[in-house]
Amino acid sequence: MGTFLIFIAGVLFLAGILFIKPRAKRDLMWKTVLNWALYVIWYAITWMGVSFVYINASVGHVKATSTAIFLFLGISVVLAVVQARLLGFIGVKKTGNASSQQA
């Protein structure tokens, strides 16, 4: 199972790079660097959580497993939402037609 998780982690890391690369805006260098730094941090925290839960679940530490799920999943979701906002997946879409917005 551990080998399978390592394989999945590698595949998902490469898929994330291929997914973010065309969407990272290159007009602002600080925003591009921030996007990539957030991706690496988010990825590291997510897989630290997965490995922590896997190790504790295999030895029967129920309290540590449930705490890790809550802690690492919460941090991972927050970082994912921040990155989605920076990449433009979450936010207000502005339309160019002002007359269609009036009631």
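Note that the structure is predicted; figures quoted are calculated from it, not measured.

## Digging into helix α1 (residues 2-20)
Note: α-helices contain 3.6 residues per turn, so residues at a spacing of three or four share the same orientation.
Part 1: Taking 1.5 Å per residue as the helical rise, α1 with its 19 residues ought to reach 27 Å, and the 27 Å between its terminal C-alpha atoms agrees with that figure.
Part 2: Looking at α1, one finds that the buried residues are Leu5, Ala9, Gly16 and Ile20. Relative to the axis of α1, the buried residues are bounded by an arc of 45 degrees and lie together on one face. Of the residues in α1, the exposed ones pointing more than 90 degrees away from the buried face are Thr3, Phe7, Leu14 and Leu18.
Part 3: Against α2 (29-59) and α3 (62-87) lie the buried residues of α1.

## Quick word on the nonpolar core
Part 1: With eight residues, the main nonpolar core is built from Leu5, Ala9, Ile20, Ala24, Tyr39, Tyr43, Trp47 and Leu87.
Part 2: For this core, the secondary-structure elements that each account for two or more residues are α1 and α2.
Part 3: Excluding its chain neighbours within four sequence positions, the residues that come into contact with Tyr43 are Ala9, Gly10, Leu12 and Phe13.
Part 4: Ile45, Ala68, Phe72 and Leu79 belong to the second largest nonpolar core, which has seven residues in total.

## Things to note about α3
Part 1: Given a rise of 1.5 Å per residue, 26 residues ought to cover 38 Å, and the 37 Å separating the end C-alpha atoms of α3 matches this to within 8%.
Part 2: Among the residues making up α3, those that are buried are Thr65, Ala68, Phe72, Ser76, Leu79, Gln83, Ala84, Leu86 and Leu87.
Part 3: Close packing links the buried residues of α3 with α1 and α2.
Part 4: Remark: Gly88 follows α3 within two positions and exhibits a positive phi of approximately 95 degrees.

The rules behind these values
Residues numbered from 1 in each chain as written. Predicted model: local features only at pLDDT ≥ 70, side-chain atom pairs only at ≥ 80, totals over all residues. Heavy atoms only, no water. Helix = DSSP H or I, 4+ residues; strand = E, 2+ residues; numbered from the N terminus. Expected span 1.5 Å × (residues − 1). Buried < 20%, exposed > 50% of the residue type's maximum accessible area, 1.4 Å probe, protein only. Arc of directions from axis to C-beta. Contact = heavy atoms within 4.5 Å. Core = buried A, V, L, I, M, F, W, Y, C linked by side-chain atoms within 4.5 Å.

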